[in-house]
Amino acid sequence: MTDRPLSRRAIKLAFSVFAGRNYAHAQDCWPHLSIIKPKGERNGSILWKNQKAGSLIDPISFLSSFHAKPIIFGSGPSLKNQDLSRVSPERAVLLNGAINLIPQLGGAFSVVIEDERFIWRHHEMIARLVPNETIFLLSPAVIRALLSLDRNWCQHRSIVLLDKLEKPYCGSRRSLKDPGIINHIVFGNDAALSTKPEIGVVSAGTVAFSAVQFSLAANISQIGLAGIDLANANQPRFYESGDNAKSGIVNAKARILAHFALADAHAKKLGVDIICHSSVSGLRDIGIAYRQTIS
């Protein structure tokens, strides 16, 4: 099973060649997808083939609805033996295949998906496991992939746009030091993070970092990180049994850890504790506090 259809790989290549580096990311929406971003307290719109296909909720209201102690769940193998009995669903922020935890948790606050390859591989998983009332935090490419499979998918769902600062929807690629966004960015050693994720996030090679940026922008006191192992990305995810999807985390590990180190330092300045709940996580190597029990 391929992670992306041949037609999408061809489109991506064509945009890289003909649109150039500054606009290659426009392939995320082509063809058929148009997005009208929320403005103020007004919802935005998702258009598919020039027809309204769904709405985008105001990201500020999304941030204000965060639990004070959210737990971000990845899909690391460590989750197989994790005790989740004390986790209430309104705290759960689920990344990609972590949606398999929904039956065990009894629901989730939100689901975050950034890479369209997960949709091509596991779109049926979303329909089977995720209740409609769950808030989805989705990138333009993910929205386009979902609508290409089911043009009615976005209807009656709460969706927040997950955009990138460097490669914004309907805009050219830009430096993180661009005058228009530099005031919304915290810089570190070979790393950066967005303090205004409702405008866009800094990409670090894992959707977990995008979820952390949204969490840090909310009114919270603690962020739990579970199943974000990083050190064993070549092993099957907790819900996989063979035929595991390839992961780019191994090659990007140093970059990812640098960004999480920055997030931890920034969190401390905000009075927010970041807690790692995976005994095998590479996050422990950069000094992020470890606690076995999720509570």
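Let us look at the structure shown here.

### Some words on a nonpolar patch on the surface
- A cluster of nonpolar side chains, namely Leu13, Val17 and Phe18, defines an oily patch on the protein surface of about 380 Å² accessible area.
- Tracing the chain through its elements places Phe18 in helix H1 (residues 6-18).
- Phe18 sits in the exposed class, given a relative accessible area of 74%.

### Section: helix H4 (residues 116-129)
- At His122, H4 shows its largest bend, some 80 degrees.
- Within H4 the residues assigned to the buried category are Glu116, Phe118, Ile119, Trp120, Arg121, His122, Met125, Ile126 and Leu129.
- On its buried side, H4 packs onto H1, helix H3 (102-105), strand E6 (110-113), strand E7 (135-138) and helix H5 (140-149).

### Describing a positive patch on the surface
- The grouping of Lys12, Arg21, Lys164, Lys167 and Arg255 at the surface amounts to a positive patch.
- Within the secondary structure, Lys164 sits in the loop between strand E8 (158-161) and strand E9 (185-188).
- Judged by its relative accessible area of 31%, Lys164 falls in the partly exposed class.

### Some remarks on the pairing of strand E5 (residues 92-95)
- In E5, alternate side chains face the same way, and those of Ala92 and Leu94 on one face and Val93 and Leu95 on the other are all buried.
- Of the pairings in the sheet, the one linking strand E4 (residues 71-73) to E5 comprises three bridges and is parallel in character. Counted as the bridge partner of Ile71 is Ala92 from E5.
- Across three bridges, the pairing between E5 and E6 is parallel.

### Side note on the pairing of E6
- On E6, burial covers both faces: Ser110 and Val112 on one face and Val111 and Ile113 on the other are all buried.
- Of the pairings in the sheet, the one linking E6 to E7 comprises four bridges and is parallel in character. Residue pairing for E7: Ser110 is matched across the bridge by Ile135.

### Regarding the nonpolar core
- Within the largest apolar cluster, 44 residues are counted, with the highest numbers of intra-cluster contacts made by Phe73, Leu94, Ile99 and Ile126.
- The element best represented in this core is H4, accounting for six residues.
- In this structure Leu94 touches Phe73, Ile99, Leu101, Ile102, Leu105, Ala108, Ser110, Val111 and Val112, once residues within four positions along its chain are discounted.
- Val93, Phe109, Leu216 and Leu262 belong to the second largest nonpolar core, which has 43 residues in total.

### Brief notes about the side chain of Thr134
- One can find Thr134 in the loop between H4 and E7.
- The class for Thr134 is buried, based on a relative accessible area of 2%.

### Focus: the sheet that holds strand E2 (residues 44-48)
- Pairing is antiparallel in the open sheet, where three strands are placed in the order E1-E2-E3. Each having just a single partner strand, strand E1 (33-36) and strand E3 (51-56) make up the two edges of the open sheet. Pairs of neighbouring strands in the sheet enclose a mean axial angle of 25 degrees, with direction left out of account.
- As paired strands, E2 and E3 are joined by five bridges and run antiparallel to one another. When the sheet's bridge partners are listed, Leu47 is paired in E3 with Lys52.

### With respect to the pattern of salt bridges
- Enumeration over the complete set of coordinates arrives at seven salt bridges.
- Ionic pairing is found between Lys37 and Asp163, a salt bridge with its closest N-O pair at 2.8 Å. Placement of the pair is Lys37 in the loop between E1 and E2 and Asp163 in the loop between E8 and E9, with a sequence separation of 126 residues.
- Overall, the relative accessible area of 4% leaves Asp163 in the buried class.

Parameters and conventions
Residues numbered from 1 in each chain as written. Predicted model: local features only at pLDDT ≥ 70, side-chain atom pairs only at ≥ 80, totals over all residues. Heavy atoms only, no water. Patch = residues over 30% accessible without salt bridge, like charges linked within 9 Å, V, L, I, M, F, W, Y side chains within 5 Å. Areas by Shrake-Rupley, 256 points an atom, 1.4 Å probe, with all protein chains shown as cover. Salt bridge = Lys/Arg side-chain N within 4 Å of Asp/Glu carboxyl O. Helix = DSSP H or I, 4+ residues; strand = E, 2+ residues; numbered from the N terminus. Buried < 20%, exposed > 50% of the residue type's maximum accessible area, 1.4 Å probe, protein only. Bend = angle between axes of the 7 residues up to and from the residue. Contact = heavy atoms within 4.5 Å. Lys, Arg positive; Asp, Glu negative; His and termini not counted. Charge placed at Lys NZ, Arg CZ, Asp CG, Glu CD. Pairing = 2+ DSSP bridges. Core = buried A, V, L, I, M, F, W, Y, C linked by side-chain atoms within 4.5 Å. Axes fitted to C-alpha atoms, helices over the stretch in contact; angles between N-to-C directions.

Just geometry here; none of it tells us what the structure is for.
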